[in-house]
Amino acid sequence: MIRTEELLLNVGPQHPSTHGVFRIIVKLDGEVITEAIPVMGYLHRGTEKLAEDLNFTQIIPYTDRMDYVSAMTNNYVLCHAVETMMGLEIPERAEFMRLIVMELQRVASHLVWWGTYLLDIGAMSPFLYAFRDREIIIDLFNELCGARLTYNYMRVGGVKWDAPEGWLDKVRDFIPYMEKKLDEYNNLVGGNEIFLARIKGIGKYDAQTAIDYGLSGANLRCTGVDWDLRKAEPYSLYNRFEFDVPLGKTGDCYDRYLIRLEELRQSLRILKQALEQMPSSGEVMGKVPRVIRPPAGEVYVRIESPRGEIGCHIVSKGKAEPYRLKFRRPSFVNLQILPKLLVGETMTNLITILGGIDIVVGEVDA
Amino acid sequence: MKGLLKGLGVTFKAMTAKKITTSYPDVPFVMPDRFRGIQHFEPDKCIVCNQCARICPTECITLTGKANPDPEKKGKVIDTYDINFEICILCDLCTEVCPTEAIVMTNNFELASYSRDDLFKDREWLDSNNHNVRKDNNNIGAPAAAKGGAK
Amino acid sequence: MSENEEQNKEQNTEQNTEQNTEQNTEQNTEQNTEQNKPASSAEQAEVSISAEPSIVAETTAAPAVDPEREAKLKAAAEAREARAAAKAKAESEAAPEEPKTPSPKQPLLDETVALIRSLVSEDAVEEAYINEMNAHMPVIVVKGDCWSEVAQLMKTHPTLDCDYLRNVTGVDYETHMEAVYHLVSLQSKQDYAMKVKTDRETPSIASATPIWATANWNEREIFDLLGIDFPGHPDMRRIMMPDDWVGHPLRKDYEPLDPEV
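In the annotation of an unreviewed UniProt entry, the entry for chain B reads NADH-quinone oxidoreductase subunit I, and the organism field reads Paenibacillus plantiphilus. What UniProt records for chain B under Subcellular location (unreviewed entry) is the sentence "Cell membrane". Under the UniProt heading Sequence similarities (unreviewed entry), the note attached to chain B is "Belongs to the complex I 23 kDa subunit family."

The name given to chain A in an unreviewed UniProt entry is NADH-quinone oxidoreductase subunit D, and the organism recorded there is Paenibacillus plantiphilus. Quoted verbatim from the Subunit (unreviewed entry) field of UniProt, the annotation for chain A is "NDH-1 is composed of 14 different subunits. Subunits NuoB, C, D, E, F, and G constitute the peripheral sector of the complex."

*Asks:* Help me understand the packing of helix 4 (residues 92-121) of chain A against helix 5 (residues 125-145) of chain A, please; the structure alone is not making it clear to me.
*Replies:* In helix packing, the relevant descriptors are the interaxial angle and the interaxial distance, both defined with respect to the helix axes. Residue and element names in this part refer to chain A. Packing of helix 4 against helix 5 brings their axes to within 8 Å, and their N-to-C directions diverge by 155°. Relative to helix 5, helix 4 is oriented roughly antiparallel. Viewed along their axes, helix 4 and helix 5 form a crossing whose handedness is left-handed. Per-class residue counts for the contact of helix 4 with helix 5 are 18 nonpolar, three polar and two charged.

*Asks:* In this structure, what is going on with the UniProt feature "binding site: [4Fe-4S] cluster 2" (unreviewed entry) in chain B? I would like to understand it.
*Replies:* Taking the UniProt record as the reference, the feature "binding site: [4Fe-4S] cluster 2" (unreviewed entry) is found at B:Cys56, B:Cys88, B:Cys91 and B:Cys94. Separation in sequence by 39 residues is not matched in space for these annotated residues, since their most distant C-alpha atoms are only 10.7 Å apart. With respect to the helices and strands, B:Cys56 occurs in the loop between helix 2 (51-55) and strand 2 (61-67). Apart from the residues within four sequence positions on either side, B:Cys56 is in contact with A:Gln58 and B:Ile61. By the element assignment, B:Cys91 lies in the loop between strand 3 (76-84) and helix 3 (93-97).

*Asks:* Is there a simple way to think about the UniProt feature "binding site: [4Fe-4S] cluster 1" (unreviewed entry) in chain B in this case?
*Replies:* All names here are of chain B. UniProt feature "binding site: [4Fe-4S] cluster 1" (unreviewed entry): in the numbering of this structure it lies at Cys46, Cys49, Cys52 and Cys98. A maximum C-alpha distance of 10.7 Å is found for the annotated residues, which run over 53 residues; spatially they form one tight group. Apart from the residues lying within four places of it in its own chain, the contact partners of Cys52 are Ile61, Leu63, Tyr81, Cys94 and Val97. Its place among the elements puts Cys98 in the loop between helix 3 and strand 4 (103-105).

*Asks:* Help me understand the interface of chain B and chain A, please; the structure alone is not making it clear to me.
*Replies:* Often the size quoted for an interface is simply the accessible area lost on bringing the parts together. Listed per partner, the contact involves 31 residues of chain B and 31 residues of chain A. Of the roughly 2600 Å² buried between chain B and chain A on both sides combined, carbon and sulfur atoms contribute 53%. The largest per-residue losses of area from chain B upon contact with chain A belong to B:Val10, B:Arg34 and B:Arg36, which jointly make up 26% of the total buried on that side. Where chain B meets chain A, there are three salt bridges. The interface formed by chain B and chain A holds 17 residue pairs in polar contact (both at pLDDT 80 or more) in total. Put simply, the parts of the chain that give the side of chain B that touches chain A at least two residues each are helix 1 (2-15), helix 2 and helix 3 of chain B. Per element, the largest residue contribution to the side of chain B that touches chain A is nine residues, and it comes from helix 1 of chain B. Its residues assigned to classes, the side of chain B that touches chain A shows 14 nonpolar, seven polar and ten charged.

*Asks:* Any chance you could explain a negative patch on the surface here in plain terms?
*Replies:* Where like charges cluster on the molecular surface, the negative patch consists of B:Asp44, B:Asp122, B:Glu124 and B:Asp127. The class of B:Asp127 is partly exposed, set by a relative accessible area of 32%.

*Asks:* Could you clarify how one ought to interpret the sheet that holds strand 2 (residues 137-142) of chain C in this entry?
*Replies:* Residue and element names in this part refer to chain C. Across the sheet, five strands lie side by side as 1-2-5-4-3; this open sheet has mixed pairing. Strands at the two margins of the open sheet, each flanked by one partner only, are strand 1 (125-131) and strand 3 (164-172). Between one strand axis and the next, the sheet turns by 20° as a mean value, whatever way the strands run. The pairing of strand 1 with strand 2 spans six bridges and is antiparallel. Bridging across to strand 2, Ile130 finds its partner in Pro138. Helix 6 (residues 147-156) rests against strand 2, strand 4 (176-184) and strand 5 (191-199) of the sheet, and its axis sits at about 170° to strand 5.

*Asks:* For this particular structure, what's the right way to read the nonpolar core?
*Replies:* The nonpolar side chains of soluble globular proteins are, as a tendency, buried together. The biggest cluster of nonpolar side chains holds 136 residues, and the ones touching the most others in it are A:Leu104, A:Trp114, A:Tyr153, A:Trp167 and A:Ile314. Examining the composition of this core, we find that 15 residues originate from one element, helix 4 of chain A, more than from any other. Of all hydrophobic cores here, the second largest spans 37 residues; its members include C:Val142, C:Cys162, C:Ile211 and C:Phe230.

*Asks:* Sorry if this is basic, but what is going on with the confidence of the model for chain B here?
*Replies:* For residues with low pLDDT, the predicted coordinates do not support detailed interpretation. Residues and elements named next belong to chain B. Across chain B, the average pLDDT comes to 79, with 89% of residues at or above 70. At the low end of the mean pLDDT range in chain B sits helix 4 (residues 123-128), at 74; at the high end sits helix 2, at 89. Segment residues 143-151 is flagged for pLDDT under 50; beyond a separation of four residues in sequence, or across chains, it makes nine contacts in the model. Reported for the predicted complex are a pTM of 0.81 and an ipTM of 0.87.

*Asks:* What should I look at first to understand the interface of chain C and chain A in this one?
*Replies:* Every contact between the two is made by 42 residues of chain C and, on the other side, 44 residues of chain A. When chain C packs against chain A, the two sides together hide about 3600 Å² of surface, and 55% of this comes from carbon and sulfur. It is C:Met133, C:Arg166 and C:Trp217 that lose the most area in chain C upon contact with chain A, and together they represent 22% of the buried surface on that side. Between C:Glu221 and A:Arg329 there is a salt bridge, with its nearest N and O atoms 3.3 Å apart. Our count for the chain C to chain A interface comes out at 23 residue pairs in polar contact (both at pLDDT 80 or more). Elements with a contribution of two residues or more to the side of chain C that touches chain A: strand 3, strand 4, strand 5 and helix 7 (215-226) of chain C. In terms of residues, the side of chain C that touches chain A owes the most to one element, strand 3 of chain C, which gives nine residues. Here the side of chain C that touches chain A is built from residues that sort into 21 nonpolar, nine polar and twelve charged.

Rules behind the numbers
Residues numbered from 1 in each chain as written. Chains lettered and ligands numbered in written order. Predicted model: local features only at pLDDT ≥ 70, side-chain atom pairs only at ≥ 80, totals over all residues. Heavy atoms only, no water. UniProt positions renumbered as here; feature names shortened; annotations may be inferred. Axes fitted to C-alpha atoms, helices over the stretch in contact; angles between N-to-C directions. Helix = DSSP H or I, 4+ residues; strand = E, 2+ residues; numbered from the N terminus. Parallel < 35°, antiparallel > 145°, perpendicular 65-115°, else oblique. Left-handed = near helix turned anticlockwise from the far one by under 90°. Nonpolar A, V, L, I, M, F, W, Y, C, P; charged D, E, K, R; others polar. Contact = heavy atoms within 4.5 Å. Buried area = accessible area lost by both parts, 1.4 Å probe. Salt bridge = Lys/Arg side-chain N within 4 Å of Asp/Glu carboxyl O. Polar contact = N/O pair within 3.5 Å; in protein donor to acceptor, adjacent residues only side chain to side chain. Patch = residues over 30% accessible without salt bridge, like charges linked within 9 Å, V, L, I, M, F, W, Y side chains within 5 Å. Areas by Shrake-Rupley, 256 points an atom, 1.4 Å probe, with all protein chains shown as cover. Lys, Arg positive; Asp, Glu negative; His and termini not counted. Charge placed at Lys NZ, Arg CZ, Asp CG, Glu CD. Buried < 20%, exposed > 50% of the residue type's maximum accessible area, 1.4 Å probe, protein only. Pairing = 2+ DSSP bridges. Core = buried A, V, L, I, M, F, W, Y, C linked by side-chain atoms within 4.5 Å. pLDDT = per-residue confidence, 0-100.

Dropping the structure here:
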């Protein structure tokens, strides 16, 4: 007779497909998962504790490093929080620069997600194509603010640099190029039967579960809930532009895949409109006191990052440093559904589901 | 089957397209002007105001000043100036607040070394690091008159 | 003469507090202290002349520097009490002549508070105010014992319908600790902030995990970094720090093992 035992497998901290140092302890019965316990904290750098000693301009480089794939949105959430507290007005050109940069960042982040997701599933060429196109965006950012990944670009009251000569034209040329590439990606992967068989029907959940677990971003919209913070609670200048919010129906990985690619296309649409409406000259930094000291009180602002709702809760006692700074990180909250989704799946689907949630471990741990 | 063939078609087209690979170590990579590399320090311009040390988020700059050896001039002169490059995050906040543009970033980023001691950059090294100095500094600390040179 | 001085002092401090209460219903406290200061400095100039004219002068009076300072301190302390009394009076009257216009969300807040008070318990809500800085978000401070029921009410009641828990933050004020729950209703787009206070020695707040599953890891993180216990949580253990870590790093009095870190 064959005796079966439960196997305890460590999808260990060092793993190419866990998108960072992230560990899942998986109890297996054959190839079927009976229980999954995520363990995190390997990348915990204590940003929230460090922030209690630094003033706000000094915290901005630290926010870059939380969700390093989408650093501009992190910069923005902190600057937006402080500006809400102090009631500052941002000059229009600065706001446009911020919006253009954030939408470019969304495109770049979704490209990273697309490339690495397909790499996890087993396809190698989409990864290189995605990174080739992301390289163009990163080079644009390099010209703009001097760094490829950790930009430290936004400041309380505006942005640091104005666009150099010819930068806006380069962005303008990038948009049709990227749209053509998106069609190419759909040809490459979208109809591929192997890919569809691996993704359709995996990791399903319904709208009530999604709302209960506090999911946000594409993870929430794949179930059909229409909640995009750019439309529901508009911030910055998003209410001036027309764009659609793609919604899914079934709540499985395939819907999330399609939604993210469609979001990429909509971001390009917003970029086109923003470049047309942008004022051709203006200040990029508003009138800010030399020492940034928000009045006592607390504030919670939230924006839509490529991964979901990123929020910043600041409690201030009127000093130049925050008394308590907390980031509501979307990857952290989105990851809670993982143990629930994995029960009853096979090991191969674990990687598919984990990639579909789109986490960045720097954000999970902060 | 059709989806697979379409995908293969894209791959074959890419085989004949122009390559974008650069042969990096043989062909040096030119960074745009605003790139934040290691700093360059000019001791003559420094007025020992300590702003850079104060704003550094990781506290990697330490400096000491001494009284000006010229008895007529007032103010301090820089004596030692160290950047602990193990913790410098190249955020360029120090260049932003320097009122005299004594510290600026360069475009040098190839700084790997075999020992940790080499990563503690002192004043002489930073002074001699004057290749590829960044021109566009956008210095909010500098008074408007001094900005004539940059950009 | 010294008796006179003391009587003068008492009279003038009384006058001072009366003026303070009058001024307080309309003005800020800063203006008060500012008015005090120039008057008393003007009086120091008069000191050398005589004590008599200072009785006629408006605010604190004393011929020498030390009693004047004492009088100032005493006046400030009494002014503070008077201010607090005036503020309490103004709040309980719902101050119709407040210079600030009442927030547009105030009626909503009052409705919500009344709902909670009627359906859960009379003393469930300790404080309720509008956070103007944050786009007028209603903030409700809930008593710790009633938190579970209030949370259940916020989620299931058809007008409130707060089905989405956005964020749970733990804050360590040095005297007490607090957890802030940010809720939003996806249908009406109305957001609330619910605060629950707890003391520092044995901090414990009823867990919201049975009601919103989002709270699961958020509360684990707060337990890990701040030490607030959440009875009713299905899996209370550390999440970020290693399992055998001693201490709660985000507390204000935390001593790191390695000071250089």
